[in-house]
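# Structural features, examined
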Amino acid sequence: MPMSHILYCLVPTFPIQYIVEKRDVLLHFLQDRVKDPQLSRNILLIILVILGIEVMVLSFFERRMLSLAMLVLAVTEYKRFDWLLSCIMLAVFPLLPAVGRGANYYMVVSCGMFSAILLLFTNIKSRMKYFQAFLLVLANVVVMYTSNSIDMGQGLPLLSQCASWIILILTWILPLAEEKALSLRGTTVVTGLFTLYLLMSTSYELWFLLCLILFLYCWNKKELSGSNLSSLSVDFTSRSIVEHQISMDDVRTSFIYLLSITLAFFGTGNIASLNSFEPASMFCFLTVFNPFSMAALLLLKVIIPFIVVACGFHVITSQTGTKQDGVFLIILLMSDLMGMHFFMWVQDYGSWLDIGTSISHYVITLVTTLVLIILSKFSQFIMTYCILPAKYYKSFSHKHS
């Protein structure tokens, strides 16, 4: 037997040894859970999470399975109308054809104008609100002006190109100049990313991002309302390990977060649609073929929904006091369960497309936790770092108090 096979077989030895050493803690935990009055509800939640993981696995092959997951998620809190409506709206998008060839800029502009009006009518007292509303309107003008100019064969207008790159830069600067208050900073970050995404949209994907933002807002409201499904907790303590508790609320939160990330990836397309992306989504920035710039802009368009979800998750965990370390441990377990499926489905025969697709599915599940940790650190930075001195925010607060 090759040495690599022997080492592979020895890998489970260390976690099994750790479990055996902690067997007293596990037995004590199981005895307490049997006496838990919410045992049936906890078991039901675990079953639903396992079924949800299976649905997310199937969504790699059929996007419409995510609609089923969102409808089931909506039923769990059917008494909350805002939660029910936001889940149903998100459930519509996986049923639509993947965004690809063909552009519909009227759909993009209608969503942009609606979002600008919605931003103006929010009761958030942000210094950036009116300026970002202006940027939203400007982005709408740029999209329509650029599309008309290209259709008439006049190419990309210089003013539109300059405005697009300025908006791209301001997207990352304006949040750092906002106060650290979660509501203010979160609104500024999401609005900036939404404006940038508008410049790259060609069809209904902007409406998808808007519905995703509304879903995160409703999720935050639901968590703040104190809706606790159970109080199940696992307590691993030892003299050498810091005490850490994982509750069923963390399991529920982890599953919704992982489902939101999966929906952000497959909500408007799939892996095949990424390979055949629409160059029109880059027309506001450049029209001359430049593979490196286009690849960077395409990557930015892909990760914007992920950043929005990560920032929304940062707000939720900060306001509810959820430990992100515990959440990522649960997500790691869920990702491993998904990875077991794709590991068994990896092919080394057939067409190059089948082989590449099977490998890419397995790699995506393996790096999910790492990507989420990176997004968490980035969202923490953009939600907490300030480039202006603290006295500036104090003087602004006094003027508007």
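Residues numbered from 1 in each chain as written. Predicted model: local features only at pLDDT ≥ 70, side-chain atom pairs only at ≥ 80, totals over all residues. Heavy atoms only, no water.

### Section: the state of the cysteines
- Under the definition given, this model contains zero disulfides.
- With no disulfide of its own, Cys211 lies 7.7 Å from the sulfur of Cys111, the closest cysteine sulfur.
- Cys218 takes part in no disulfide bond, and the closest cysteine sulfur, belonging to Cys87, lies 8.0 Å away. (Disulfide = S-S within 2.5 Å.)

### Structural notes on the nonpolar core
- Met70, Phe215, Tyr257 and Phe285 are the most contacted members of the largest nonpolar core, which totals 100 residues.
- By residue number, the principal contributor to this core is helix α14 (residues 291-320), which donates 14 residues.
- Discounting chain neighbours no more than four positions away, the residues touching Phe285 are Leu156, Gln161, Ser164, Trp165, Leu168, Leu196, Leu199, Met200 and Leu297. (Core = buried A, V, L, I, M, F, W, Y, C linked by side-chain atoms within 4.5 Å. Buried < 20%, exposed > 50% of the residue type's maximum accessible area, 1.4 Å probe, protein only. Helix = DSSP H or I, 4+ residues; strand = E, 2+ residues; numbered from the N terminus. Contact = heavy atoms within 4.5 Å.)

### Quick look at the side chain of Ser260
- With respect to the helices and strands, Ser260 occurs in helix α12 (residues 248-266).
- Among the residues examined, Ser260 registers a relative accessible area of 4% and is labelled buried.

### Concerning the environment of Gln132
- Relative to the helices and strands, Gln132 is located in helix α8 (residues 129-151).
- Accessibility expressed as a relative area gives 3% for Gln132, which makes it buried.
- Sequence separation of Gln132 and Thr188 is 56 residues, and the distance between their C-alpha atoms is 7.9 Å.
- In this view, Gln132 contacts Leu119, Leu174, Thr187, Thr188, Thr191 and Gly192; residues no more than four positions away in its chain are not counted.

### What to know about the packing of helix α11 (residues 205-224) against α14
- Look at α11 against α14: their axes get within 9 Å of each other, and the N-to-C directions meet at 10°. Taken together, the axes of α11 and α14 are roughly parallel relative to one another. Contacts between α11 and α14 involve Glu205, Leu209, Leu212, Ile213, Leu216, Trp219, Asn220, Glu223 and Leu224 from the first element and Lys301, Ile304, Pro305, Val308, Val309, Gly312, Phe313, Val315, Ile316, Gln319 and Thr320 from the second.
- Among the residues forming the contact of α11 with α14, the class breakdown is 13 nonpolar, four polar and three charged. (Axes fitted to C-alpha atoms, helices over the stretch in contact; angles between N-to-C directions. Parallel < 35°, antiparallel > 145°, perpendicular 65-115°, else oblique. Nonpolar A, V, L, I, M, F, W, Y, C, P; charged D, E, K, R; others polar.)

### A look at the pattern of salt bridges
- A complete count under the given rule lists six salt bridges for this structure.
- Salt-bridge contacts for Asp82 lead to Lys221; the nearest nitrogen and oxygen are separated by 3.5 Å. A residue pair is termed long-range when its members are at least 10 positions apart, and Asp82 in helix α6 (residues 81-92) and Lys221 in helix α11 qualify at 139 residues.
- For Lys221, a relative accessible area of 36% puts it in the partly exposed group.
- Salt bridges sharing partners connect three or more residues here, namely Arg80, Asp82 and Lys221. (Salt bridge = Lys/Arg side-chain N within 4 Å of Asp/Glu carboxyl O.)

### Focus on the packing of aromatic side chains
- Using the criterion set out here, one finds 19 aromatic pairs in the structure.
- Ring centres of Tyr257 and Phe313 lie 3.9 Å apart, and the angle between their planes is 0°; this geometry places the pair in the stacked category. Of the two residues, Tyr257 is situated in helix α12 and Phe313 in helix α14; the sequence distance between them amounts to 56 residues. With respect to class, Tyr257 is no different from Phe313; both count as buried.
- A network of ring pairs unites the aromatic residues Phe60, Phe61, Phe265, Phe266, Phe306, Phe342 and Trp345 as a single cluster. (Phe/Tyr/Trp six-rings, centres within 6.5 Å; stacked < 30°, edge-to-face > 60°.)

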